[in-house]
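This is what each chain is made of:
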Amino acid sequence: MAWTRDQMAARAAKELKDGFYVNLGIGIPTLVSNYVPEDVDITLQSENGMLGVGPFPLDNEVDPDIINAGKQTVTEVKGTSYFSSADSFAMIRGGHIDLSILGAMEVAENGDLANWMIPGKMVKGMGGAMDLVAGVKRVIVTMEHVSKDGQSKLLKECTLPLTGKRVVDMVISELGVFSVDKHGPSGITLLELADGVTVDEVKAKTKATLVVR
Amino acid sequence: MANKVYKDAKSALDGLLRDDLMLMCGGFGLVGIPDRLIEAVRDSGVKGLTCVSNNAGIDGAGLGLLLESGQVRKMISSYVGENKTFAKLYLEGKLELEFNPQGTLAERCRAGGAGIPAFYTKTGVGTLVSEGKEIRNFDGEDYVMERGLVGDIALVKAWKGDTAGNLVYRKAARNFNPMMATAAKICVAEVEELVEVGQLDPDHIHTPAVFVKRLFCGAPYDRKIEQRTIRKA
């Protein structure tokens, strides 16, 4: 049995360290906030200009001026601050955010990431993704291991336009956990298998150079 | 002191609008967007506009109004996902689009407003964004040169303003507004509450009066919500 989306999020949450400032993308990364270990205290950053993002509001708590980068209504926590978009990306680009967890369409064995456009289809824009992967200290991708049409998303080289070059540090898919050697030639190393998944299955579904220790 | 206070959006924009202007618009999604000013631009009928704004509004709100009326020639944005009118116009070839990474867009406006014509960033190096732009290596890492942006008119929305033009934003409605206020030849602000000069705490002012040339109270506002997301009690 491969991991569910929630199990992937729970595994990603184990990468959180006490005191981290973290930016979470949309989709599986958002679920990570449900699995923060009890002894770990983190602060969520939202690139539209909020540090200290709380849970979604109760029905009677909704404030239209408090949203996250996905434009969802959220709440404040003790110590929340607001700032301009320029200050927000000073935090991100300036290397002050510890961890970014985001989704991907493709990841290459050198850490290249593609997650913002498919040529020929309507492009919505990269939003803050290019700034995040360029500036945040550590980048973890959570994604399905293969695309809907059965193609591996862990590749030797990305085929889609890039979001960033040599930016991904770790990939968590439904099959397991993988480290990425973004500064060297070692490719992708299998660190952990999801419950009931075999090395052969991972190899069959991975086009990148895969190191199995 | 020169009077900066106008009675409404139409009078605040009087004499400023013409075809082919570049408008710098504050806001993120529907939060902190200059609703009244956008409506007044629509009513003026000026065309060929270039709008610099993180998003393109949604159908029936924000810059969506100017897209529907065919007044926008080009958008410079980081994300335009929520707008069906936008997609239709773009796919029909009726709208130019320049995508900027969100942080690069914010910094282009900040730099432009601060008199800085260009800067280097590592955002977008090795992607489509850096094609055709100068790449320079600093301390072993590649950076791409991006240009500062200065438009013709900045349209911003604040929570409170005083009669001198000092502005205070509310919560996440600050977003792009402070940079946009600096990054144009003239800035027009709409506020939810207009107070006499001296009534805002000087330590709490986000945009100092020097940047704001005209302002008016646009109340009452019904703050719109794009993605109302709640948890159960």
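Residues numbered from 1 in each chain as written. Chains lettered and ligands numbered in written order. Predicted model: local features only at pLDDT ≥ 70, side-chain atom pairs only at ≥ 80, totals over all residues. Heavy atoms only, no water.

Side note on the overall build of chain B
Move 1: When helices and strands are tallied, chain B shows six helices and 11 strands.
Move 2: Since a compact globule built from 233 residues should have a radius of gyration of about 17 Å, the 18 Å found for chain B is in line with a globular shape.
Move 3: For chain B, the spread of C-alpha atoms along the three principal axes comes to 50 × 50 × 40 Å.
Move 4: The 233 residues of chain B split such that 57% are buried.
Move 5: A separation of at least 24 residues holds for 72% of the contacts in chain B among residues at least 6 apart in sequence. (Helix = DSSP H or I, 4+ residues; strand = E, 2+ residues; numbered from the N terminus. Rg over C-alpha atoms; globule rule 2.2 N^0.38 Å. Buried < 20%, exposed > 50% of the residue type's maximum accessible area, 1.4 Å probe, protein only. Contact = heavy atoms within 4.5 Å.)

Thoughts on the interface of chain A and chain B
Where interface size is quoted, it is often the accessible area lost as the parts come together.
Move 1: If you look at the interface, chain A gives 46 residues, while chain B gives 51 residues.
Move 2: Summed over the shared surface of chain A and chain B, the result is six salt bridges.
Move 3: Residue B:Arg170 is joined to A:Asp63 by a salt bridge in which the shortest nitrogen-to-oxygen separation is 2.5 Å.
Move 4: The interface formed by chain A and chain B includes 24 residue pairs in polar contact (both at pLDDT 80 or more). (Salt bridge = Lys/Arg side-chain N within 4 Å of Asp/Glu carboxyl O. Polar contact = N/O pair within 3.5 Å; in protein donor to acceptor, adjacent residues only side chain to side chain.)

Things to note about the pattern of salt bridges
Move 1: Summed over all chains, the structure comprises 27 salt bridges over all chains.
Move 2: Measuring nitrogen to oxygen at the nearest pair gives 2.9 Å for the salt bridge that ties A:Glu15 to A:Arg11. A single burial state applies to A:Glu15 and to A:Arg11, both of which are buried.
Move 3: A single salt-bridge network, built from bridges that share partners, covers A:Asp63, A:Asp65, B:Lys157, B:Arg170, B:Glu192 and B:Arg223.

A closer look at a negative patch on the surface
Residues and elements named next belong to chain A.
Move 1: A surface patch of negative charge is lined by Asp 18, Glu 38, Asp 39 and Asp 41.
Move 2: Looking at where Asp 39 falls in the secondary structure, it is placed in the loop between helix H2 (28–31) and strand E2 (43–46).
Move 3: Its relative accessible area of 65% is what places Asp 39 among the exposed residues. (Patch = residues over 30% accessible without salt bridge, like charges linked within 9 Å, V, L, I, M, F, W, Y side chains within 5 Å. Areas by Shrake-Rupley, 256 points an atom, 1.4 Å probe, with all protein chains shown as cover. Lys, Arg positive; Asp, Glu negative; His and termini not counted. Charge placed at Lys NZ, Arg CZ, Asp CG, Glu CD.)

Regarding helix H5 (residues 102–113) of chain B
Residues and elements named next belong to chain B.
Move 1: With 12 residues, H5 should cover 16 Å at 1.5 Å per step; its first-to-last C-alpha distance of 17 Å lies within 8% of that length.
Move 2: H5 sits mainly inside the fold: 10 of its 12 residues count as buried.
Move 3: Three or more residues of H5 are buried, namely Gln 102, Gly 103, Thr 104, Leu 105, Ala 106, Glu 107, Arg 108, Cys 109, Ala 111 and Gly 112.
Move 4: Directly after H5, the chain includes Gly 115, whose backbone phi takes a positive value near 80 degrees. (Expected span 1.5 Å × (residues − 1).)

Some points on the nonpolar core
Move 1: Ranked by size, the top nonpolar core spans 48 residues in total, and within it A:Val107, A:Leu113, A:Val141 and A:Val171 carry the most contacts.
Move 2: Mapped by element, the contributors of at least two residues to this core are helix H1 (5–13), strand E1 (21–24), strand E3 (50–53), strand E5 (99–102), strand E8 (138–142), strand E10 (170–173), strand E11 (176–180) and strand E12 (188–193) of chain A.
Move 3: Here this core takes four residues from H1(A), the largest share from any one element.
Move 4: In terms of nonpolar packing, the next biggest core, distinct from the first, is built from 37 residues, B:Leu13, B:Leu37, B:Cys51 and B:Leu65 among them. (Core = buried A, V, L, I, M, F, W, Y, C linked by side-chain atoms within 4.5 Å.)

Re the side chain of B:Asn83
All names here are of chain B.
Move 1: On the secondary structure map, Asn 83 appears in the loop between strand E3 (72–77) and helix H4 (84–91).
Move 2: Only 3.0 Å separates the side chain of Asn 83 from the backbone oxygen of Ala 56, close enough to count as a polar contact.
Move 3: There is a polar contact of 3.0 Å between the side chain of Asn 83 and the backbone nitrogen of Thr 85.
Move 4: Residues within four places of Asn 83 in sequence aside, it is in contact with Ala 56, Gly 57, Ile 58, Asp 59, Gly 64 and Leu 67.

Some details on the pairing of E11(A)
Residues and elements named next belong to chain A.
Move 1: With four of five residues buried, E11 is to be regarded as a mostly interior element.
Move 2: Here E10 runs beside E11; their pairing, made up of four bridges, is antiparallel. Within the sheet, the bridge partner assigned to Met 170 lies in E11 and is Ser 179.
Move 3: Taking the residues between adjacent antiparallel strands as the criterion, E10 and E11 are bridged by two residues.
Move 4: In the sheet, E11 pairs with E12 via five bridges, with the strands oriented antiparallel. Residue Gly 176 lies in a different strand from E12, and its bridge partner there is Leu 193. (Pairing = 2+ DSSP bridges.)

Focus: the sheet that holds strand E7 (residues 141–147) of chain B
All names here are of chain B.
Move 1: Across the sheet, which stays open at both edges, the three strands sit in the order E5-E7-E6 with antiparallel pairing between neighbours. Either end of the sheet is taken by a strand with one partner, and the two such strands are strand E5 (118–121) and strand E6 (135–138). Across the sheet, the mean angle from the axis of one strand to that of its neighbour is 40 degrees, orientation sign disregarded.
Move 2: Looking at chain direction, E6 and E7 are connected through four bridges and run antiparallel. Of the residues in E7, the one forming a bridge with Ile 135 is Val 144.
Move 3: Against the sheet, H5 engages E5 and E7, with an angle of about 150 degrees to E5. (Axes fitted to C-alpha atoms, helices over the stretch in contact; angles between N-to-C directions.)

What to know about H4(B)
All names here are of chain B.
Move 1: Every buried residue of H4 is accounted for by Thr 85, Phe 86 and Leu 89. Each buried residue of H4 lies within a common arc of 100 degrees when the element is viewed along its axis, so the set occupies one face. Across from the buried face of H4, at angles greater than 90 degrees, the exposed residues are Lys 84, Lys 88 and Leu 91.
Move 2: Tucked into the core, H4 has its buried residues touching helix H3 (64–68), E3 and strand E4 (96–99).
Move 3: The backbone nitrogen of Thr 85 has a side-chain oxygen 3.0 Å away, supplied by the residue at the start of H4, namely Asn 83.
Move 4: Count one or two residues on from H4 and you reach Gly 93, which has phi positive near 75 degrees. (Arc of directions from axis to C-beta.)

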